[in-house]
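Overview (structure and organization)
Here is how the chains run, residue by residue.
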Amino acid sequence: KQEVTQIPAALSVPEGENLVLNCSFTDSAIYNLQWFRQDPGKGLTSLLLIQSSQREQTSGRLNASLDKSSGRSTLYIAASQPGDSATYLCAARNAGGTSYGKLTFGQGTILTVHP
Amino acid sequence: GAGVSQSPRYKVAKRGQDVALRCDPISGHVSLFWYQQALGQGPEFLTYFQNEAQLDKSGLPSDRFFAERPEGSVSTLKIQRTQQEDSAVYLCASSFKGGPYEQYFGPGTRLTVT
């Protein structure tokens, strides 16, 4: 059974810092891994999706990497801003067991960027 | 085009009441997923539909939970005799097909059972 863990659970940084969020998963049989952002009381906003054959994806100040063999992914946020404050979730799309790819989520990292 | 929509956005139910949560997926999407997100947790898988067929309901927490997608489009998640532990956000996602295709999420329905 896939298990996804995110470290740290919470992170508070001053504006302008570069930061790294970590995600690990136990079953490497995945189609892809996806990072989401969730603002309080809101739904999920997809940030980056990395296919299992890829090593990284970039979008603006965000860069996500994937090391499938070691079961790890990182989300790097450059020059953080107060508007980046949110909960960040990673989710693995499972290929093992079934073919339809249900997502297994981590518990999330609560990020606070203070001015 | 329109994204995934869910209704109602908020629902307050008294313990013991039945509720029905609706999901309108993106038009043409074959796959539909329901997830449950408890406060402070990541979403957890509930059930999966491919067109009108419910292929996996392993995540449904009890037999009080029932989901359907009779015409392969709109889906309804029904919870009978609601309990306080059912309080959560219920998220619906659709994708073009199963497997590696990206899932697009709706805004969720926040259910509070009092």
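A quick note: this is a predicted structure, and the numbers were derived from the prediction, not measured.

**Focus: the overall build of chain A**
Counting its regular elements, chain A contains zero helices and eleven strands. The C-alpha radius of gyration computed for chain A amounts to 14 Å, which stays within 12% of the reference 13 Å derived for 115 residues, consistent with globular compactness. Over its C-alpha atoms, taken along the principal directions, chain A stretches across nearly 45 × 30 × 20 Å. A buried classification covers 43% of the 115 residues belonging to chain A. In chain A, the share of contacts with a sequence separation of at least 24, taken over all contacts with a separation of at least 6, comes to 55%. Total accessible area on chain A is roughly 5,200 Å²; 49% of this is exposed by carbon and sulfur atoms. Where the 9 positive side-chain charges of chain A centre and where its 8 negative ones centre are 8 Å apart.

**Re the interface of chain A and chain B**
Between chain A and chain B, the contact holds 22 residues from the first and 22 residues from the second. Both sides together, the interface formed by chain A and chain B hides about 1,600 Å², and carbon and sulfur atoms give 51% of it. Our count for the chain A to chain B interface comes out at zero salt bridges. Taken together, the connections running from chain A to chain B amount to seven residue pairs in polar contact (both at pLDDT 80 or more). Mapped by element, the contributors of at least two residues to the side of chain A that touches chain B are β4 (30-38), β5 (44-51), β9 (86-94) and β10 (103-105) of chain A. Take the side of chain A that touches chain B: its biggest share by element is five residues, from β4(A). Considered class by class, the residues forming the side of chain A that touches chain B number eight nonpolar, eleven polar and three charged.

**Quick word on the state of the cysteines**
Throughout the structure, instances matching the rule amount to two disulfides over all chains. Covalent S-S linkage joins Cys23(A) and Cys90(A), the inter-sulfur distance amounting to 2.0 Å. Here the disulfide of Cys23(A) and Cys90(A) is right-handed, its torsion about the S-S bond being about 75°. Here Cys90(A) lies in strand β9 and Cys23(A) lies in strand β3 (residues 19-25), a separation of 67 residues in the sequence. Across the pair, Cys90(A) and Cys23(A) agree in class, each one buried. Between the sulfur of Cys23(B) and that of Cys92(B) lies a disulfide, 1.8 Å long from S to S. Because the torsion about its S-S bond is -65°, the bridge between Cys23(B) and Cys92(B) counts as left-handed. With Cys23(B) in strand β3 (residues 19-24) and Cys92(B) in strand β9 (residues 88-95), the pair connects residues that are 69 residues apart, well separated along the chain. There is no split in this pair, since Cys23(B) and Cys92(B) are both buried.

Rules used throughout
Residues numbered from 1 in each chain as written. Chains lettered and ligands numbered in written order. Predicted model: local features only at pLDDT ≥ 70, side-chain atom pairs only at ≥ 80, totals over all residues. Heavy atoms only, no water. Helix = DSSP H or I, 4+ residues; strand = E, 2+ residues; numbered from the N terminus. Rg over C-alpha atoms; globule rule 2.2 N^0.38 Å. Buried < 20%, exposed > 50% of the residue type's maximum accessible area, 1.4 Å probe, protein only. Contact = heavy atoms within 4.5 Å. Areas by Shrake-Rupley, 256 points an atom, 1.4 Å probe, with all protein chains shown as cover. Lys, Arg positive; Asp, Glu negative; His and termini not counted. Charge placed at Lys NZ, Arg CZ, Asp CG, Glu CD. Buried area = accessible area lost by both parts, 1.4 Å probe. Salt bridge = Lys/Arg side-chain N within 4 Å of Asp/Glu carboxyl O. Polar contact = N/O pair within 3.5 Å; in protein donor to acceptor, adjacent residues only side chain to side chain. Nonpolar A, V, L, I, M, F, W, Y, C, P; charged D, E, K, R; others polar. Disulfide = S-S within 2.5 Å.

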